[in-house]
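# Chain and residue survey
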Amino acid sequence: MAGVAADAVASTAEDREPQREAMPGLESQRRQIENSESGRERPLQAGESWFLVEQHWYKQWEVYVQGGDQDSSTFPGCINNAKLFEDQVNWNLKKGLVEGEDYVLLPAAAWHYLVSWYGLKHGQPPIERKVVELPGIQKVEVYPVELLLFQHSDMGTPHTAQFSHTDSLDLVLHTARERFLASPQEETRLWIKHSDGSFERLCNTHVTVLDARLKTGQVIVMETRNKDGAWPSAKQYVMKSLSKEDEDFQGQPGVCGLTNLGNTCFMNSALQCLSNVPQLTEYFLNNRYLEELNFCNPLGMKGEIAEAYADLVKQAWSGHHCSIVPHVFKTKVGHFASQFLGYQQHDSQELLSFLLDGLHEDLNRVKKKEYVELCDAAGRPDQEVAQEAWQNHKRRNNSVIVDTFHGLFKSTLVCPDCGNVSVTFDPFCYLSVPLPVSPKRVMEVFYVSMDPRRKPEQHRLIVPKKGKISDLCVALSKHTGVQPDRMMVADVFSHRFYKIYQLEDSLNSILDRDDIFIYEVSARAGTGEGIREDVVLPIYLRERSPARDFNNSYYGLMLFGHPLLLSVPRDRLTWDALYHILLYRLSRYVARPSSDDEDDGDEKGDTENKGNIAKSGQTAGGSLQDPGPEQAGPSSGVMGRNRAPADNSPGPSNWPQRSRRKQLFTLQTVNSNGTSDRMTFSEDGHGVSFSSQPYIAIDWEPEMKKRYYDEVEAEGFVKHECVSYVLKKAPVRLQECIELFTTVETLEKENPWYCPNCKQHQLATKKLDLWMLPEILIIHLKRFSYTKFSREKLDILVEFPIRDLDLSEFIIKPRSESDPDLYKYDLIAVSNHYGGLRDGHYTTFACNKDSGQWHYFDDNSVSPVTEDEVESKAAYVLFYQRQDVARRLRSQPDLSGPQEPPACGSPPSSESMDVN
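Residues numbered from 1 in each chain as written. Predicted model: local features only at pLDDT ≥ 70, side-chain atom pairs only at ≥ 80, totals over all residues. Heavy atoms only, no water.

To continue, consider the pairing of strand β15 (residues 440-448). Direction of pairing for β15 relative to strand β16 (residues 457-464): antiparallel, over a ladder of eight bridges. Opposite K440, over in β16, you have P464 as the bridge partner. Examined bridge by bridge, β15 and strand β19 (residues 515-520) share four bridges and lie parallel to one another. If you follow Y447 over to β19, its bridge partner there is I518. (Pairing = 2+ DSSP bridges. Helix = DSSP H or I, 4+ residues; strand = E, 2+ residues; numbered from the N terminus.)

What follows is the structure in structure tokens.
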């Protein structure tokens, strides 16, 4: 009820001086004013008008009518409310007036009777007030809320206006627009300015003044959107160092970059794709979203995501920006979805999924969702079940997102035990289609031969993705000629064995980034009397560091080089024999000392023995006639095929004690990390007996290592010719991916289906079929594969058409010949991902809805491209527009100009292109 008192001054002369009617009898007057249905005694009804009458005049009238003499001197004269006003200019009501003492209230009919009989004093406005319904009570609102209206650009000039508590904020906004002469094309919004100087948005203009808790004297500020699509209050987030040329920039609407705020390319890519969906962008540009904002949806975000996205679209399509900073949008997303807080890299499809869901709930036309029970087909016809499912979906979900992006597919589950078939129809917003994955995998390994003269070889092997370690050995055997049972596979990390694999271990546990070494070992095995066993020893290389404490009594040990797996005859395993075997195995990069060097001095230190390799089966050995290093080479068969040394095998009782000659290095038993020594052996006059599996460390003094150890040669390796082979990945067609999406599959153990017939969970077969397709079809190519042990990105080329994608072969809904284009689509946008799993970069190809020109969006950089450049291995999310929708949009009048926008993919005129 805007301007009740002030606006009443402008009321018509007829209101101020009504035509006098014939005055009825006094008793009749009293009954009509006080006792009848139109009199003072009638109950209050919300929305009715009641009028204030000055108490003294009304009491005088009561005396007059009760006297019964129309010619009495008590005649009250015309109604005079002068005592109720502060002044005779603005006619503002006095503060603190009390009903029954200063005034009485009359319903509209009684008021009009009195005015028609007695008249209203010339110049005075009637004091009309509304009945409002407050929580638990109805009352006449004598004092409306008086607000101070300001314009954002002029905070020094207030405009006073009065509103009822039941007036909506729409009326406040409308009044402010009238007061500040806002044109119909200008977009405005309201803010409350609090006493502490802070501002609060009045987002929902459909609520009342009472619900918004506005009080008399409150400052309301109207803000007008700039021509560039930005709000003046949001300028703090825009780069402030804009030149005059930037301010005057005029480019093609929609051709606008987005600044990368720090790993936000995923967000920029999703936004650019969505921004180039024609009907959705027009929906926001034409402000149709304002009438559909849902502020009370508990599943929504109080309209904030929709408003933030609308602001972004308006700026991008204003034509006044080369690029914009999406800081406000990023903040809103992080506020409502904590997974997107901060500046970590994320998935553009995940952000897109969140954004579509958020926009849908913020714009849901259903204000109160009813409960809908999902029903199974139960043998009914598909068309009946599908129509019921779609209607149930629309009863709870009805928005521009549903209109544009939602389709329907059929889900069929079959119980493997009883054959029970369950058919349901479910809505979808996008299709996540799998890529045909090759069952093969390429792995790079290093092969270490028993022959010490051969350098390690790098091999590129093709193995089954779901294979075992034995498959890896078989593949390497084809390159080397060495039998698979003479190989051991290990993961080497930081100069130590991270894991030594068993033949039955799965290849899934090996990642592409792992350094895999395959060692040749001997094939001898046996447990009978007189047959030697071989023990496989993991060998580490360590170097002593200089003294670190005050009395030089502590020496650090640092791992270096590549570890070895060495198999040694158990019955000939002495420290001296092991020393000479190692000297032979390291002979390619460790120089042999002269006799003078060996005899010079005593061996330094004593050797402690450690061990920590898991038990893995029995071993067998052969005959070793001479303990010398020449016979301990590859031809002697010293190695064993067991995958790890025996755990609790007793040591020989006749081992000789170690030689006390000076040696190049000393030997220690260590744990599997090679970082600490453990007492896992016992030593007597005959030899050494291990109580658990040892890891052996070769400890070098710095001077000896510098003198005899060739680091360059030790790190050397050769590449096998197979490394140059490139496994060519044949491209796949998009239709193949969709066909794979609709293929029958068996549910995984982690996700069984409860069969209502069997009354238990079953690994049922599941099949998805497309029933109804949306206006905009989003196809997500599942390039990222995650398993318990591995993660990979599939970078194969998916061939997808730019125009005329025909999906009719995948639609099972009975089709009408009159609607052949309901299944034909044209591409309008692509979200690309370059790089791998750990790092990567997102960009966008998109077709401008106005010019028809394709552009490449790389954060804040935008450049024109041809449609031939759109298809690439980086394509990740595809946006297709149905052809009948494109024709419908083109047939609509172009509000921005007389020209009809071309279809996406049509070659644009070079003279009309305006590109940053």
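A few words now on the sheet that holds strand β4 (residues 137-140). Ordered in space as β2-β1-β3-β4, the four strands form an open sheet in which the pairing is antiparallel. What marks the edges here is a single partner per strand, and that holds for β2 (103-107) and β4. Ignoring strand direction, the axes of neighbouring strands in this sheet form an average angle of 35°. Of the strand pairs in this sheet, strand β1 (residues 49-54) and β2 are connected by five bridges, and their pairing is antiparallel. Bridge pairing in β2 places E54 opposite Y103. (Axes fitted to C-alpha atoms, helices over the stretch in contact; angles between N-to-C directions.)

A word on the nonpolar core. If you look at the biggest cluster of nonpolar residues, it comprises 55 residues, and the most contacted ones within it are L274, F284, Y309, F405 and F879. When residues in this core are grouped by element, the largest group, eight residues, is from helix α10 (residues 304-316). Among all residues touching F879, those that are not within four sequence positions of it are C273, L274, V277, L352, I776, L777, I778, D826, L827, I828 and A829. One finds V448, F497, L586 and I698 within the second-largest nonpolar core, a separate group that totals 45 residues. (Core = buried A, V, L, I, M, F, W, Y, C linked by side-chain atoms within 4.5 Å. Buried < 20%, exposed > 50% of the residue type's maximum accessible area, 1.4 Å probe, protein only. Contact = heavy atoms within 4.5 Å.)

For helix α11 (residues 327-336), every residue scored as buried is listed here: F329, K330, V333 and G334. End-on view of α11: buried residues confined to an arc of 130°, all on one side of the axis. Among the structural elements, α8 (265-275), α10 and α12 (348-362) are those in contact with the buried residues of α11. (Arc of directions from axis to C-beta.)

The interhelical angle for the contact between helix α3 (residues 26-35) and helix α4 (residues 55-67), taken along N-to-C directions, is 135°, at an axis separation of 9 Å. By the angle between their directions, the pair α3 and α4 is classed as oblique. Residues L26, Q29, R30, I33 and E34 of α3 form the contact with α4, whose own contacting residues are Y58, W61, E62, Y64 and V65. Residue classes in the contact of α3 with α4 are distributed as six nonpolar, one polar and three charged. (Parallel < 35°, antiparallel > 145°, perpendicular 65-115°, else oblique. Nonpolar A, V, L, I, M, F, W, Y, C, P; charged D, E, K, R; others polar.)

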